[in-house]
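Topology and contacts: notes
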Amino acid sequence: MKRVILFPFMAQGHLIPFMQLAHLISHRKGYTVTIVNTPSNIDTLRSLLPSTSTTIHLSSLPFNPSDHNLPPNSESTHTLPSPLHILTLLRSSESLRPHFIRLLSDLSSSDGRPPLCIIADVFVAWTVEVARDLGIHHAVFTTCGGCGTAAYFSLWLHSPHLKTPDSSFGVPGFPDGFRLDRSQISGVLKASRGADDERSYSFRRYIRLSMESDAMLCNTVEEVEALGVKALRVVSGLPVWAVGPLLRGPKPVSSLNHDSRACMEWMDSRARGSVVYVSFGSQNRVTASQMRELALGLEMSGRDFVWVVRAPVGFDPEEEFRAEEWLPEGFEERMKNRGVVVRGWAPQVEILSHASVGAFLSHCGWNSVLESLSNGVPVIGWPMGADQYYNAKVMVEELGVCVELKRGLEGEIDGGDVARVVGVVMDGGEMKRRAVEVGVKMRAAMGGGEGGERRGSSLEAFDDFFDKVEAFYNRIFHY
Ligand code: UDP
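This structure is a prediction, so every number in the text was calculated from the model and none was measured.

1. Some details on the nonpolar core
If you look at the biggest cluster of nonpolar residues, it comprises 136 residues, and the most contacted ones within it are Leu6, Val306 and Ile380. When residues of this core are assigned to their parent elements, the largest contribution, 7 residues, is made by helix α1 (residues 12–26).

2. Examining the site of the ligand
Near the ligand there are 18 residues, and of these Gly13, Gly281, Ser282, Gly365 and Ser368 occur at the shortest range. If you list the elements that add at least two residues to the shell around the ligand, you get α1, α14 (348–352) and α15 (366–373). Broken down by element, the residue count for the shell around the ligand peaks at 4 residues, all from α15. When its residues are assigned to classes, the shell around the ligand shows 7 nonpolar, 10 polar and 1 charged.

3. Remarks on the sheet that holds strand β9 (residues 240–242)
Reading across the sheet, the 7 strands line up as β3-β2-β1-β4-β5-β8-β9 and stay open at both edges, with parallel pairing between neighbours. Single-partner strands in this sheet number two, and they are β3 (56–60) and β9. Going from strand to strand, the sheet's axes swing by 25° on average, the running direction of each strand aside. In this structure, strand β8 (residues 215–218) lies alongside β9, joined through 3 bridges in parallel fashion. Residue pairing for β9: Met216 is matched across the bridge by Val240. Contacting β1 (2–7), β2 (31–37), β3, β4 (117–121) and β5 (137–142), α1 crosses the sheet at an angle of about 165° to β2. Each of β2 and β3 is contacted by helix α2 (residues 39–48), which is oriented at about 160° to β3, the strand it contacts most.

4. Topic: the pairing of β3
As paired elements, β2 and β3 share 5 bridges and run parallel to each other. Looking at β3, one finds that Asn37 is bridged to Ser60. Between the parallel pair β2 and β3, the chain is carried across by α2, and the sense of this crossover is right-handed.

5. Observations regarding unusual backbone geometry
The amide bond that connects Gly244 to the next residue, Pro245, takes the cis arrangement and shows omega of 0°. Locating Pro245 in the fold gives a position in the loop between β9 and α10 (258–268). At Ser159, a position not held by glycine, the phi torsion is positive, near 40°. For Ser159, the location among the structural elements is in the loop between α6 (146–158) and β6 (168–170). Assessed through the 18 C-beta atoms surrounding it within 10 Å, Ser159 is described here as partly exposed. Its identity is not glycine, yet Cys364 carries a phi of approximately 70°, on the positive side. Note on placement: Cys364 falls in the loop between β13 (357–362) and α15. Residue Cys364 is classed as buried on the basis of its C-beta count, with 32 C-beta atoms lying within 10 Å.

6. Notes on the pairing of strand β10 (residues 275–279)
Burial analysis of β10 places 5 of its 5 residues in the buried class, the great majority of the element. Of the two faces of β10, the one holding Val275, Tyr277 and Ser279 and the one holding Val276 and Val278 are both buried throughout. Two strands pair when backbone bridges link them, and β10 and strand β11 (residues 304–309) are joined in this way by 4 bridges, in the parallel orientation. In the strand pairing of β11, Val278 is matched with Trp307. Since β10 and β11 lie parallel, the crossover through helix α11 (residues 288–301) that links them has a hand, and here it is right-handed.

What counts and how
Residues numbered from 1 in each chain as written. Predicted model: local features only at pLDDT ≥ 70, side-chain atom pairs only at ≥ 80, totals over all residues. Core = buried A, V, L, I, M, F, W, Y, C linked by C-beta atoms within 7 Å. Buried ≥ 20, exposed ≤ 12 C-beta atoms within 10 Å, placed from the backbone. Helix = DSSP H or I, 4+ residues; strand = E, 2+ residues; numbered from the N terminus. Near = placed C-beta within 6 Å. Nonpolar A, V, L, I, M, F, W, Y, C, P; charged D, E, K, R; others polar. Pairing = 2+ DSSP bridges. Axes fitted to C-alpha atoms, helices over the stretch in contact; angles between N-to-C directions. Contact = placed C-beta atoms within 7 Å. Right-handed = clockwise from strand over helix to strand, strands pointing away.

Quick look at the structure:
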């Protein structure tokens, strides 16, 4: 058996693509996969794994959040109270190193041959050092897009925004015409003055370690993100394989919980393309006043909507839903025939694949982008941080499938603007057509192969990557 070790970062948006990658690998003849993580993330992964799977194994490494000054039960970004804790979680993953080394030695076959390779998240790139010591092939898997990863790497490595007083600047590794605006710089990057200050040290360290890996896999499609994948090759200096979109498929409605089923049944009653879906991913929260303007905007837009609402900034994320404090007076009552306000967590994949969805008002997290576009749904963008600004840029400028409503979490939004942009995207026939076209390309990249048909580009890239890894392994161990 050829064993592949997968090591995702501890965040919902990372676990799912890693699990999809595991499925793909486990279909290769003679392959078995072990996914490694902390106990509660392993529980999440178990819930994503069919009970019949015999080729994907889960292995949990001991981890105690309070040893790292993290609140109890905080092993994943979506249970963390603040973005600062993400940095702590990032650093704390290194405490897993001795346990990981022990696991790898236990998993070596009886003749002493180690696993075929380790595929690790960019944010646990310290695994490169372990792989080097043990002579194991190592690849990083970025769950972000090509452009998003390349821009993020380049900004941390070269800080082009610190070298000019202008509001816009070029980005090393990208063609000359590619420019970013200061409003597209995340808070952590803004706070970093280019030196190895404590806050940015970890990010730079993981980027540099990632670049010491043997290869990079990216959850994107080469034909959809040609510029981004090319820039990623230049910026990282690594061979890059575009193997996406790695997405989970929709579950049958009957298997969903009561609230999710009710939401899907309500969507069944709506006309094709008539619903705006609003959600900001697994981590982001808006302020109470932004939430009120959003509500007013949705009301003014006159469209049907499904809106995932979480406690606004400053409120305990675990607390009871407080409609009277967070939403305009009487909002839910007035909207009872026009919208669904989902408390906390929605069945996003199922919603975006439903025919009634016409647009997605999103924070532009890469998984959300892939889930939307693979279903041909255009996007109303409100990028809030990290790579989300660059994902929005790709969708607006290269793909023509998005209108940006606002950038960043600072400042207010205006209900009138929300209503206007919702209208532009919902009525944008041309934008919808392009989104459908992108969706076709995305599905084609993961399709084919049956009856002699050519495999899609992402599946071909995936095969090519593993052929090369096997060749490397066979050379070392004289298979
Ligand atoms: N998600 C979901 N329901 C929600 C919010 C998020 O299922 O109410 C899922 C979504 O489908 C996506 C992931 O969580 O797969 C969020 O990942 P993304 O990269 O979009 O954003 P992040 O949460 O990492 O910022």
